[in-house]
Amino acid sequence: MAMAMDFDDFFHLDFSGYSSATTTTTTGDDYACNWNDWSPVVDWEALSGGQDDFHDLIESMMDDGGLNPNARVANIAHGPCNSVSTETSSSSMAVDEETNGEDFKGLRLVHLLMAAAEALTGVNKSRELAQVILIRLKELVSPNDGSNMERLAAYFTDALQGLLEGAGGVHGNNKHYTSNGPHHRDDHHHTDVLAAFQLLQDMSPYVKFGHFTANQAILEAVANDRRVHIVDYDIMEGIQWASLMQALVSRKDGPPAPHLRITALSRGGSGRRSISTVQETGRRLVAFAASIGQPFSFHQCRLDSDETFKASALKLVRGEALIINCMLHLPHFSYRAPDSIASFLSGAKTLTPRLVTLVEEETGPIGDGGFVSRFMDSLHHYSAVYDSLEAGFPMQSRARALVERVFLGPRISGSLARIYRTCGEEEVYSWGDWLGAVGFKPVNISFANHCQAKLLLGLFNDGYRVEELANNRLVLGWKSRRLLSASVWTSFDSNL
């Protein structure tokens with residue numbers, strides 16, 4: 001179905017091929033698709049091979065409680081290298097030498113980054129020493145070339161340089177500061193942002209994992225309702241709700257598709273999440289809903305200037321099933337201050353919602369806190385993200401570079417800036433634990449939802465894993481590192 005809009009290309013970019021596991025049939029509509037017809041862009045088996053798995057390297061160093069290059073090289077050198085012929089032995093030796101060289105360089109970069117962080121904030125801090133180390137790092141790495149470790153080190157080097165020059169302290173102690181750093185992705189051209197977002201969806205399950213898990217829980221909670229109202233904390237481009245609408249209109253059993261009302265929170269200012277941007281998202285969703293026959297209306301609720309949420313500002317209708325949706329700090333999301341999030345979730349509690357769906361980044365401090373400890377945890381986290389993207393598009397360096405430049409680089413810069421301003425002592429929140437502490441009740445993740453998550457990860461590299469925690473939470477991980485979690489909650493007096 002062609003639509004007389006300026007957003008045709010945007011629809012095609014973001015909504016086509018975006019399906020729900022609960023949809024089992026296709027329709028004649030251009031945008032409808034079948035989960036069973038959704039296939040990965042890359043032939044994973046053909047392209048699977050030796051990735052730049054420096055995440056394991058950093059993790060092993062942390063597990064050992066220190067950085068010992070000799071021990072690491074010894075472990076590699078004594079790996080399974082038994083040969084069956086002289087030719088195989090020579091080949092293995094060449095591979096081992098290359099691997100050892102990459103590991104040595106990776107260790108060297110980690111040492112230099114740690115030394116720079118220490119020089120910037122340690123007991124014997126020295127700006128002059130930090131500058132010397134950063135100059136050396138810039139000679140060794142580039143964000144556009146080299147291995148994963150080299151590109152990642154380049155972004156961490158740029159972030160440290162920004163802190164050294166004062167960029168990290170520009171905003172002082174503004175606790176509502178939401179930028180991702182001095183090189184915020186809002187500075188990128190809109191087409192680059194959309195292209196990077198599409199690539200992120202294609203090369204990893206980060207976006208779909210949270211959306212599908214939340215949507216499945218919503219579908220199960222409102223199976224017999226005639227009116228559904230979703231309040232979305234950070235709607236972004238609205239992609240999540242396209243798949244939910246498709247699932248609602250495709251149900252074979254039960255009542256017709258309910259009337260769906262979405263209220264998106266909007267924020268003042270000139271960023272991408274300004275009121276006008278939320279309005280554009282709403283227009284796209286209205287047009288999409290009309291194209292598939294989903295009864296739908298869209299509203300927005302503006303936060304206060306300090307991003308405080310007032311529940312009284314919401315328009316509620318008797319008889320609607322109220323759903324609270326909160327997606328936080330995913331790779332393509334802007335940073336939201338803890339006070340703003342707490343304000344939203346506290347206000348939501350007073351509304352006694354049917355369901356609260358929460359997706360959040362899994363990060364946390366290591367060691368005894370402080371800037372260097374938090375710095376290393378951030379390096380550990382993003383090393384896993386970089387490795388997973390390498391596994392997703394191993395032959396597409398330009399695609400990865402775009403995602404890294406538009407999303408990950410600004411995230412790294414912003415994360416280190418916040419840690420630096422608080423000297424590494426900023427409290428790290430698990431918002432799922434917070435919800436439980438303030439009186440929300442966990443809702444069990446269904447078997448179908450868990451299976452859906454496993455099916456999704458099966459479309460990507462086998463380094464991804466899913467685990468269920470506390471019955472109401474699914475966690476997406478890359479190897480041994482937890483990256484994202486999705487949890488489901490309800491009001492204490494709910495009968496769910």
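Residues numbered from 1 in each chain as written. Predicted model: local features only at pLDDT ≥ 70, side-chain atom pairs only at ≥ 80, totals over all residues. Heavy atoms only, no water.

## A closer look at the packing of helix 8 (residues 190–203) against helix 14 (residues 397–421)
Step number 1: Orientation of helix 8 relative to helix 14, taken along the N-to-C sense of each, is 120°, at an axis distance of 9 Å. In this structure, helix 8 meets helix 14 at a crossing whose hand is left-handed. Contacts between helix 8 and helix 14 involve D192, V193, A195, A196, F197, L199, L200 and M203 on the former and, on the latter, A399, R400, L402, V403, R405, V406 and F407.
Step number 2: A per-class count over the contact of helix 8 with helix 14 returns 12 nonpolar, no polar and three charged. (Axes fitted to C-alpha atoms, helices over the stretch in contact; angles between N-to-C directions. Helix = DSSP H or I, 4+ residues; strand = E, 2+ residues; numbered from the N terminus. Left-handed = near helix turned anticlockwise from the far one by under 90°. Contact = heavy atoms within 4.5 Å. Nonpolar A, V, L, I, M, F, W, Y, C, P; charged D, E, K, R; others polar.)

## Side note on the pattern of salt bridges
One side chain can pair with another of opposite charge once the charged atoms of both are near each other.
Step number 1: Under the counting rule described, the total for this entry stands at 17 salt bridges.
Step number 2: The closest approach of N and O atoms between R400 and E390, which form a salt bridge, is 3.1 Å. Separated by 10 residues along the polypeptide, R400 in helix 14 and E390 in helix 13 (residues 371–392) bring together distant segments of the chain.
Step number 3: E390 gets classed as buried once you look at its relative accessible area, which sits at 12%.
Step number 4: The partner of E467 in a salt bridge is R465, and the shortest N-O contact between them spans 3.0 Å.
Step number 5: Judged by its relative accessible area of 27%, R465 falls in the partly exposed class. (Salt bridge = Lys/Arg side-chain N within 4 Å of Asp/Glu carboxyl O. Buried < 20%, exposed > 50% of the residue type's maximum accessible area, 1.4 Å probe, protein only.)

## Some details on the pairing of strand 4 (residues 321–328)
Step number 1: Taking burial as the measure, the eight residues of strand 4 include eight buried ones, the bulk of the element.
Step number 2: Side chains of strand 4 alternate between two faces, with A321, I323, N325 and M327 and L322, I324, C326 and L328 buried alike.
Step number 3: Across five bridges, strand 1 (residues 227–232) lies against strand 4 in parallel orientation. The residue of strand 4 that forms the bridge with V231 is I324.
Step number 4: With six bridges joining them, strand 4 and strand 5 (residues 355–361) adopt parallel strand pairing. Its bridge partner being in strand 5, L328 is matched across the sheet by E360.
Step number 5: Tracing the backbone out of strand 4, into helix 12 (residues 338–349) and back to the parallel element strand 5 gives a crossover that is right-handed. (Pairing = 2+ DSSP bridges. Right-handed = clockwise from strand over helix to strand, strands pointing away.)

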